[in-house]
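# Survey of secondary and tertiary structure
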Amino acid sequence: MSDLILRDASVADLPAILAMLAEDTIPANREADPSDPRYLAAFEAIDSDPNQRLIAAECDGRVVGTMQLSFLPGLSFRGSWRGLIEAVRIVADLRGQKLGERMILWAVEQCRGRDCKLVQLSSSATRTDAHRFYARLGFVQSHVGMKLHLRD
(Lines give C-alpha, C1' and ligand atoms only; values in the text may rest on other atoms or scores of the structure.)
Protein backbone atom coordinates (compact mmCIF):
# COMPACT_ATOMS: atom_id res chain seq x y z
CA MET A 1 0.00 0.00 0.00
CA SER A 2 1.40 3.38 -0.94
CA ASP A 3 1.57 6.35 1.36
CA LEU A 4 -1.49 7.63 3.08
CA ILE A 5 -2.36 11.16 1.97
CA LEU A 6 -4.39 13.24 4.39
CA ARG A 7 -6.03 16.28 2.84
CA ASP A 8 -9.09 18.47 3.00
CA ALA A 9 -11.98 16.69 1.36
CA SER A 10 -13.52 17.95 -1.86
CA VAL A 11 -17.12 17.66 -2.94
CA ALA A 12 -16.00 14.81 -5.23
CA ASP A 13 -15.05 12.83 -2.09
CA LEU A 14 -18.57 12.98 -0.65
CA PRO A 15 -19.80 9.65 -2.08
CA ALA A 16 -16.89 7.75 -0.53
CA ILE A 17 -17.21 9.60 2.78
CA LEU A 18 -20.97 9.05 2.94
CA ALA A 19 -20.49 5.35 2.18
CA MET A 20 -18.15 5.07 5.19
CA LEU A 21 -20.64 6.89 7.40
CA ALA A 22 -23.43 4.59 6.18
CA GLU A 23 -21.41 1.53 7.27
CA ASP A 24 -21.80 2.68 10.85
CA THR A 25 -24.45 0.79 12.77
CA ILE A 26 -24.56 2.87 15.95
CA PRO A 27 -27.35 3.87 15.80
CA ALA A 28 -28.76 1.76 13.01
CA ASN A 29 -29.98 3.61 9.92
CA ARG A 30 -28.34 6.85 11.02
CA GLU A 31 -27.66 8.02 7.47
CA ALA A 32 -30.03 8.91 4.61
CA ASP A 33 -29.91 8.67 0.84
CA PRO A 34 -26.53 10.11 -0.26
CA SER A 35 -28.34 12.40 -2.71
CA ASP A 36 -30.09 14.17 0.20
CA PRO A 37 -29.22 17.87 -0.31
CA ARG A 38 -28.50 18.30 3.40
CA TYR A 39 -25.20 16.48 2.92
CA LEU A 40 -24.00 18.98 0.34
CA ALA A 41 -25.21 21.88 2.52
CA ALA A 42 -23.27 20.45 5.48
CA PHE A 43 -20.16 19.99 3.34
CA GLU A 44 -20.38 23.59 2.14
CA ALA A 45 -20.77 24.86 5.71
CA ILE A 46 -17.72 22.88 6.86
CA ASP A 47 -15.68 23.88 3.82
CA SER A 48 -16.39 27.59 4.28
CA ASP A 49 -15.52 27.67 8.01
CA PRO A 50 -11.81 28.16 8.79
CA ASN A 51 -12.27 26.35 12.11
CA GLN A 52 -13.64 23.19 10.49
CA ARG A 53 -11.88 20.65 8.33
CA LEU A 54 -13.38 17.58 6.71
CA ILE A 55 -10.47 15.28 5.99
CA ALA A 56 -10.16 12.63 3.29
CA ALA A 57 -7.54 9.93 3.77
CA GLU A 58 -6.40 8.61 0.42
CA CYS A 59 -4.35 5.57 -0.60
CA ASP A 60 -3.59 4.74 -4.22
CA GLY A 61 -6.17 7.27 -5.40
CA ARG A 62 -8.95 5.77 -3.24
CA VAL A 63 -10.57 7.59 -0.31
CA VAL A 64 -10.12 5.07 2.51
CA GLY A 65 -10.78 7.16 5.60
CA THR A 66 -12.30 10.36 6.88
CA MET A 67 -12.65 12.50 9.97
CA GLN A 68 -13.72 15.98 10.89
CA LEU A 69 -11.48 18.36 12.82
CA SER A 70 -13.01 21.29 14.66
CA PHE A 71 -11.03 24.03 16.33
CA LEU A 72 -12.93 25.52 19.26
CA PRO A 73 -12.08 28.76 21.06
CA GLY A 74 -12.78 28.88 24.76
CA LEU A 75 -12.33 30.95 27.85
CA SER A 76 -11.19 28.01 29.97
CA PHE A 77 -7.45 27.42 30.38
CA ARG A 78 -6.77 31.16 29.93
CA GLY A 79 -8.54 31.46 26.60
CA SER A 80 -7.11 28.31 25.06
CA TRP A 81 -8.27 26.64 21.89
CA ARG A 82 -9.10 22.95 21.77
CA GLY A 83 -9.23 20.51 18.90
CA LEU A 84 -12.16 18.18 18.45
CA ILE A 85 -11.85 15.01 16.37
CA GLU A 86 -15.15 13.57 15.16
CA ALA A 87 -16.57 11.05 12.70
CA VAL A 88 -13.40 8.98 12.30
CA ARG A 89 -13.95 6.21 9.76
CA ILE A 90 -11.82 3.72 7.83
CA VAL A 91 -13.21 1.58 5.00
CA ALA A 92 -14.05 -1.89 6.28
CA ASP A 93 -11.59 -3.79 4.08
CA LEU A 94 -8.58 -1.80 5.35
CA ARG A 95 -9.21 -1.75 9.09
CA GLY A 96 -6.44 -3.13 11.28
CA GLN A 97 -3.64 -1.73 9.11
CA LYS A 98 -2.76 1.26 11.33
CA LEU A 99 -4.45 3.79 9.03
CA GLY A 100 -6.60 5.07 11.90
CA GLU A 101 -3.52 5.51 14.06
CA ARG A 102 -1.79 7.51 11.36
CA MET A 103 -4.90 9.66 10.90
CA ILE A 104 -5.28 10.42 14.61
CA LEU A 105 -1.60 11.22 15.10
CA TRP A 106 -1.79 13.54 12.07
CA ALA A 107 -4.92 15.20 13.50
CA VAL A 108 -3.16 15.76 16.82
CA GLU A 109 -0.32 17.47 14.96
CA GLN A 110 -2.83 19.69 13.13
CA CYS A 111 -4.24 20.72 16.51
CA ARG A 112 -0.76 21.35 17.85
CA GLY A 113 -0.09 23.51 14.80
CA ARG A 114 -3.18 25.58 15.65
CA ASP A 115 -1.81 26.04 19.21
CA CYS A 116 -4.60 24.02 20.81
CA LYS A 117 -4.22 23.31 24.52
CA LEU A 118 -5.83 19.89 24.17
CA VAL A 119 -7.48 17.51 21.76
CA GLN A 120 -10.72 15.77 22.61
CA LEU A 121 -12.99 13.24 21.00
CA SER A 122 -15.97 11.14 21.89
CA SER A 123 -16.77 7.54 21.14
CA SER A 124 -19.94 5.56 21.65
CA ALA A 125 -19.95 3.82 25.03
CA THR A 126 -20.31 0.46 23.28
CA ARG A 127 -17.16 0.84 21.17
CA THR A 128 -14.73 -0.72 23.63
CA ASP A 129 -12.19 -1.58 20.90
CA ALA A 130 -12.13 2.09 19.88
CA HIS A 131 -11.62 3.11 23.52
CA ARG A 132 -8.57 0.85 23.77
CA PHE A 133 -7.29 2.24 20.46
CA TYR A 134 -7.54 5.86 21.66
CA ALA A 135 -6.03 5.00 25.06
CA ARG A 136 -3.06 3.39 23.30
CA LEU A 137 -2.53 6.73 21.53
CA GLY A 138 -2.46 8.63 24.83
CA PHE A 139 -6.08 9.73 25.20
CA VAL A 140 -7.57 9.40 28.68
CA GLN A 141 -11.20 8.97 29.59
CA SER A 142 -11.69 12.12 31.63
CA HIS A 143 -15.36 13.06 31.23
CA VAL A 144 -18.79 11.57 30.74
CA GLY A 145 -20.41 12.63 27.48
CA MET A 146 -24.12 13.20 27.14
CA LYS A 147 -26.44 13.94 24.21
CA LEU A 148 -29.92 15.30 23.81
CA HIS A 149 -31.46 14.46 20.43
CA LEU A 150 -33.60 17.33 19.17
CA ARG A 151 -35.04 15.79 15.99
CA ASP A 152 -34.99 12.68 13.80
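Here the structure is shown first, and the text comes after it.
Here the structure is a predicted model, which is why all the values come from computation and not from measurement. (Residues numbered from 1 in each chain as written. Predicted model: local features only at pLDDT ≥ 70, side-chain atom pairs only at ≥ 80, totals over all residues. Heavy atoms only, no water.)

Across the interface, helix H4 (residues 99–113) lies against helix H5 (residues 128–136) with an axial gap of 11 Å and an inter-helix angle of 50 degrees. It follows that H4 is oblique to H5 by the angle criterion. Considering how the two elements wind past one another, H4 and H5 form a crossing that is right-handed. Side by side, H4 and H5 meet where Gly100, Glu101 and Ile104 of the first sit next to Phe133, Tyr134 and Arg136 of the second. Its residues placed into classes, the contact of H4 with H5 shows three nonpolar, one polar and two charged. (Axes fitted to C-alpha atoms, helices over the stretch in contact; angles between N-to-C directions. Helix = DSSP H or I, 4+ residues; strand = E, 2+ residues; numbered from the N terminus. Parallel < 35°, antiparallel > 145°, perpendicular 65-115°, else oblique. Left-handed = near helix turned anticlockwise from the far one by under 90°. Contact = heavy atoms within 4.5 Å. Nonpolar A, V, L, I, M, F, W, Y, C, P; charged D, E, K, R; others polar.)

Structurally, the position occupied by arginine 53 is in strand S2 (residues 52–59). Residue arginine 53 is classed as buried on the basis of its relative accessible area, which comes to 19%. Polar contacts involving the side chain of arginine 53 include one to the side chain of aspartate 8, which spans 2.9 Å. Residues contacting arginine 53, with those up to four places away along its chain left out, are Asp8, Ile46, Met67, Gln68, Leu69, Phe71, Trp106 and Gln110. (Buried < 20%, exposed > 50% of the residue type's maximum accessible area, 1.4 Å probe, protein only. Polar contact = N/O pair within 3.5 Å; in protein donor to acceptor, adjacent residues only side chain to side chain.)

As summarised here, the arrangement of the five strands in space is S1-S2-S3-S4-S5, forming an open sheet in which the pairing is mixed. In this open sheet, the two strands that pair with only one neighbour each are strand S1 (5–8) and strand S5 (116–121). For this sheet the average axis-to-axis angle between neighbouring strands, irrespective of direction, equals 25 degrees. One ladder, built from four bridges, connects S1 with S2; its direction is antiparallel. (Pairing = 2+ DSSP bridges.)

The next thing to look at is the pattern of salt bridges. This model, assessed by the stated rule, comprises ten salt bridges. Of the charged contacts in the structure, one is a salt bridge between glutamate 23 and arginine 95, with a shortest N-O distance of 3.1 Å. Of this pair, glutamate 23 sits in helix H1 (residues 14–23) while arginine 95 sits in the loop between strand S4 (81–90) and H4, placing them 72 residues apart in sequence. Residue classification places glutamate 23 among the partly exposed residues on the basis of a relative accessible area of 38%. Look at arginine 95 and you get partly exposed, because its relative accessible area is 48%. Residue glutamate 109 is joined to arginine 112 by a salt bridge in which the shortest nitrogen-to-oxygen separation is 2.3 Å. (Salt bridge = Lys/Arg side-chain N within 4 Å of Asp/Glu carboxyl O.)

The values are spatial; any link to function lies outside them.
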